[in-house]
Amino acid sequence: MSDVLVLAEHHGTEVRKVTFELITAARDLGTPVVLWLGSGCDDSTLASLGNFGATKVLVVDSAEVSDHPVAPGAEILASLIGTMQPAAVLVASSADGKEIGARAAIKSNCGIITDAVAIAPDLTVTQNVFGGSTIVHSKVNHGTPIITLRPNSVSAVPESVTAVIEHISSDISDGAQLVSIVNRNVVEKGARPELAEADVVVSGGRGVGGAEGFGVIEALADSLNAAVGASRAATDAGWYPHQYQVGQTGKTVSPSLYIANGISGAIQHRAGMQTSKVVIVVNKDPEAPIFELADYGVVGDLFAVVPQLTEEITQRK
Amino acid sequence: MKIAVCVKQVPDTWAEKKLKADTSTLDRESADGVLNELDEYAVELALQLVEANSGEVVIVTMGPERAAETLRKAISMGADAGIHVVDAGLGGSDAIATSAVLAKALEGRDFDLIVFGSESTDARMSVIPAMVSERLGLAQVTFAQKVEVEGDTLTAERVTDYGFDTLTATLPVVVSVVEKINEPRYPSFKGIMAAKKKPVETLSVADLNLDAAAVGAGAAWSEVADFAARPPKAAGVVVTDEGAGGTSIADYLTTSKFI
Ligand SMILES: Cc1cc2nc3c(=O)[nH]c(=O)nc-3n(C[C@H](O)[C@H](O)[C@H](O)COP(=O)(O)OP(=O)(O)OC[C@H]3O[C@@H](n4cnc5c(N)ncnc54)[C@H](O)[C@@H]3O)c2cc1C
Ligand SMILES: Nc1ncnc2c1ncn2[C@@H]1O[C@H](COP(=O)(O)O)[C@@H](O)[C@H]1O
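In this text, all values refer to a predicted model and were calculated from it rather than measured experimentally.

Moving on, we come to the overall build of chain A. Across its full length, chain A holds nine helices and 17 strands. For 317 residues, the compact-globule formula gives about 20 Å, and the C-alpha radius of gyration of chain A, at 21 Å, lands near that figure. Considered along the principal axes of its C-alpha atoms, chain A spans approximately 60 × 40 × 40 Å. The long-range share in chain A, meaning contacts at least 24 apart out of those at least 6 apart in sequence, stands at 66%. As presented, chain A carries roughly 11,300 Å² of accessible surface, and 50% of it is formed by carbon and sulfur atoms. Side chains of chain A carry 20 positive and 34 negative charges; the gap between the two charge centres is 4 Å.

Below, the discussion takes up the packing of helix α9 (residues 302–316) of chain A against helix α7 (residues 245–255) of chain B. The contact between α9(A) and α7(B) brings their axes to 7 Å, and the two run at 45°. Regarding the angle of α9(A) to α7(B), the classification is oblique. In the packing of α9(A) onto α7(B), the handedness of the crossing is right-handed. Of the residues in α7(B), those in contact with Val305(A), Gln308(A), Leu309(A), Glu312(A), Ile313(A) and Arg316(A) of α9(A) are Gly245(B), Gly246(B), Thr247(B), Ile249(B), Ala250(B), Asp251(B), Leu253(B) and Thr254(B). Looking at the contact of α9(A) with α7(B) residue by residue, the class counts come to six nonpolar, five polar and three charged.

Looking now at the site of ligand 2. Residue and element names in this part refer to chain B. Near ligand 2 lie 21 residues; those nearest to it are Cys 6, Asp 39, Met 62, Ser 120 and Ser 126. Asn 36 places a side-chain nitrogen or oxygen 3.3 Å from an oxygen atom of ligand 2. Element by element, the count of residues in the shell around ligand 2 is highest for strand β4 (residues 56–62), at three residues. Residues of the shell around ligand 2, tallied by class, amount to 11 nonpolar, six polar and four charged.

A few words now on the domain arrangement of chain A. Residue and element names in this part refer to chain A. One can read the domain layout of chain A as domain 1 (3–177) and domain 2 (195–316). Computed over C-alpha atoms, the centres of domain 1 and domain 2 are 31 Å apart. At the junction of the two partners, domain 1 supplies 10 residues and domain 2 supplies 11 residues. Here domain 1 meets domain 2 over a buried area of about 760 Å², counting both sides, of which 46% is carbon and sulfur. In terms of surface lost to domain 2, no three residues of domain 1 exceed Lys 17, Gly 131 and Asn 152, which account for 56% of the buried area on that side. The tally of links from domain 1 across to domain 2 stands at zero salt bridges. Seen at the junction of domain 1 and domain 2, the total is three residue pairs in polar contact (both at pLDDT 80 or more).

Turning next to the sheet that holds strand β14 (residues 227–230) of chain A. Pairing is parallel across the open sheet formed by six strands, whose spatial order is β14(A)-β13(A)-β15(A)-β16(A)-β17(A)-β13(B). At either end of the open sheet lies a strand with only one pairing partner, and these are β14 of chain A together with β13 (237–240) of chain B. Neighbour-to-neighbour, the strand axes of this sheet turn through a mean angle of 15°, independent of strand direction. Here α7(B) sits on the sheet and contacts β15 (257–261), β16 (278–283) and β17 (296–299) of chain A together with β13 of chain B; the angle it forms with β17(A), its principal contact strand, is near 175°.

In this fold, Ala130(B) is placed in helix α5 (residues 128–136). Taking the C-alpha atoms as reference points, Ala130(B) and Gln140(B), separated by 10 residues in sequence, lie 6.7 Å from one another. Once you skip the residues sitting within four places of it in the chain, Ala130(B) turns out to touch Glu99(A), Ala102(A), Arg103(A) and Gln140(B).

This part covers the site of ligand 1. Within the structure, ligand 1 sits among 28 residues, and Arg206(A), Ser231(A), Thr249(A), Ser264(A) and Asn283(A) are positioned closest to it. Ligand 1 is flanked by residues contributed from chains A and B. At 2.5 Å, a side-chain N or O of Arg206(A) approaches an oxygen atom of ligand 1. In isolation ligand 1 has 990 Å² of accessible area, and contact with the protein removes 83% of it. In terms of residue class, the shell around ligand 1 is made up of eight nonpolar, 14 polar and six charged.

Moving on to the sheet that holds strand β9 (residues 134–140) of chain A. Paired through backbone hydrogen bonds, the strands of a sheet run either parallel or antiparallel to each other. Spatially, β11(A)-β5(A)-β4(A)-β1(A)-β6(A)-β10(A)-β7(A)-β8(A)-β9(A)-β12(B) is the arrangement adopted by the 10 strands of the open sheet, whose pairing is mixed. The sheet terminates laterally at β11 (164–167) of chain A together with β12 (222–229) of chain B, the two strands that pair on one side only. Averaged over all pairs of adjacent strands, the angle between their axes in this sheet comes to 35°, without regard to strand direction. Pairing of strand β8 (residues 125–129) of chain A with β9(A), which is carried by five bridges, proceeds in the antiparallel orientation. Counted as the bridge partner of Val129(A) is Thr134(A) from β9(A). Each of β1 (3–7), β4 (31–37), β6 (88–92) and β10 (146–149) of chain A touches helix α1 (residues 17–27) of chain A; the most contacted strand, β6(A), lies at about 160° to it. Against the sheet, helix α2 (residues 43–50) of chain A touches β4, β5 (56–60) and β11 of chain A, its axis set at about 150° to β4(A).

Rules and cut-offs
- Starting afresh in each chain, residues are numbered from 1 along the sequence in its written order.
- Lettering of chains starts at A and numbering of ligands starts at 1, both following the order in which they are written.
- With pLDDT at 70 or above as the cut-off, local features in this predicted model cover only qualifying residues; side-chain atom pairs require 80 or more to be listed or tallied, and sums for whole chains, interfaces and linings still use all residues.
- Derived side-chain values reflect all non-hydrogen atoms in the structure, with water molecules and hydrogen atoms excluded from consideration.
- Counting from the N terminus, the helices are the DSSP runs of H or I reaching at least four residues and the strands are the DSSP runs of E reaching at least two.
- What the globule rule says is 2.2 Å times the number of residues to the power 0.38, and the radius of gyration is computed from C-alpha atoms.
- Should any heavy atoms of two residues lie within 4.5 Å, those residues are counted as being in contact.
- The Shrake-Rupley method, run with a 1.4 Å probe sphere, supplies the accessible areas, and residue values consider only the shown protein chains as cover.
- In this tally Asp and Glu are treated as negative and Lys and Arg as positive; neither His nor the chain ends contributes.
- In plain terms, the charge of a residue is placed at NZ if it is Lys, CZ if Arg, CG if Asp and CD if Glu.
- Note on definitions: angles span 0 to 180 degrees between N-to-C directions of axes, and those axes are lines fitted to C-alpha atoms, for helices only across the stretch in contact.
- Angle categories are assigned with fixed cut-offs, so that under 35 degrees is roughly parallel, over 145 is roughly antiparallel, 65 to 115 is roughly perpendicular, and the rest are oblique.
- Throughout, a crossing is termed right-handed when the near helix is turned clockwise from the far one, and left-handed when it is turned anticlockwise from it by less than a right angle.
- Side-chain classes are defined by residue name, with Ala, Val, Leu, Ile, Met, Phe, Trp, Tyr, Cys and Pro counting as nonpolar, Asp, Glu, Lys and Arg as charged, and the others, Gly among them, as polar.
- We call a residue near a molecule or strand as soon as one heavy atom of that residue lies within 4 Å of the molecule or strand.
- Under this definition, polar contacts are N or O atom pairs within 3.5 Å; protein pairs additionally need one hydrogen-donor-capable and one acceptor-capable atom, and for neighbouring residues in sequence, both atoms have to be side-chain atoms.
- The start and end points of each domain follow an automatic or database-based domain assignment.
- In this description, buried area is defined as the sum, over both parts, of the accessible area (probe of 1.4 Å) that is lost when the two are combined.
- Salt bridges are defined by distance alone: a side-chain nitrogen of Lys or Arg within 4 Å of a carboxyl oxygen of Asp or Glu.
- Here a strand pair is declared whenever DSSP counts at least two bridges between the two strands.

Shown next, in the form of structure tokens:
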């Protein structure tokens, strides 16, 4: 079987859940080989990659890769496409994943499809486009297909193999080192699950009324072990940090359960959560468009409904 | 400073929303073409940099005849000139071909900065800026929430999954911006009047010395097999809170096995 090259998404030693989803998806297409850029691939990360079926992990751990964004990764990926001739390249639909894929596509004369939610064994890709309202099936017809997969679309299923590590050297051109990373600013993450990866998301909008109001949203989230999201109205007002924004210009989420509180359901917000499996809405305006998406909705004041819900969940657990 | 801003005409998102309320299928053809919202932030950044450092802003678009309105709209915010690549052979171009056209249109014009929105609201690929930078061999500083230029050094904050990275590069640089970066201005009446007289260069594929076979639907490196409207969601249950709204949601979550 041919190799399928998977670009690992990680932050230091912390492997992103989407990486396991990518490896799982790759197993249907060939033999998963992981490309790991930068540091962090220790024994335990290697084992965790093997737990999902990665046979080999190619590591490029050099200052060129760590100190410059995107372009070095694209050079390495393009050169591996040339030498390995994989059946496909799978990357995450993150900023880095899409851009490394895009640049490698140009270098290697390969077609690229972004934001896949499923990949069939014949490499037909399913996408949910226009904010999730249309389902498209498409296929790359030139070169090695480069496919970016949305987090949370494929469930990661363990299949234990022993992954071997191979350090590969990289000759990074000067042209790929034109931009330098002078500082990485990591925002305190806290104990909640990663928003884009979470199985349950509890979001608050302008109806939450202020930063303190997010207390009730966080309490509900914690009762469900959920991630907290926010509408742009809430992040723009500074009530909740920007990286928790859900929507067209924020994160795209596709959890099993999405609870929208005090959010009207503007098209830009819906674009980021429309593919959630079950949607619950709490809003005091019965005309709010978000109710169109609701599997279950309550017209009411979130400050009455949400704490009662949290209390009930805590008791029933 | 000489700055290019690439803008795209996209179907109006709000018109789409109205349609969805009445019909279960999506008809994008009938939607008005508007300036991609994210690209307004790109224009605003360029205008602010030129106001602070002097220079010139050129709006660049690839699109059908009617995209000329969008080009004028962007110019009316305060830009100096436009470049419109329009050619019947361009219809159906994928990101690979679009980036080839934009790169050719931008090449050799000595831009210090080429600014993009971080994504188009219709394609939502977020790949064109990276592809253009790859093709032109220029520094790529994308998903920027903050951009500063001092002399020939650009410093920016790239939004990441865990916060942001501070990046530096020497001009010329390809930039894409996220909507947190600024508050785009509205075109003034004066701007709208002035835009009518600003020079717009119209270029065809042949003018760009591009092979006609390398662009358009026939040259796309991916093809759509089929598409369908997502089955409409079955109408859910909506109740009015009379004191037990929270409990009723908990009941729903219990029945659907979330708790
Ligand atoms: C280029 C662009 C990109 C954008 N990207 C995004 C994006 O990524 N994500 C995003 O979310 N938005 C985005 N927007 C903004 C979007 O258009 C809306 O403005 C935004 O989503 C509105 O947020 P909201 O629903 O919280 O606020 P509102 O629309 O003001 O709605 C607040 C809701 O809360 C309800 N409410 C008030 N008080 C209570 C209470 N006590 N209890 C219960 N309900 C209450 C109200 O009935 C109302 O329905 C974007 C806009 C543009 C132009
Ligand atoms: N046809 C086009 N003409 C000019 N600029 C474009 C075009 N398509 C995309 N862009 C630019 O590329 C950005 C990203 O688009 P996309 O990769 O399609 O999400 C947009 O915000 C625009 O700045």
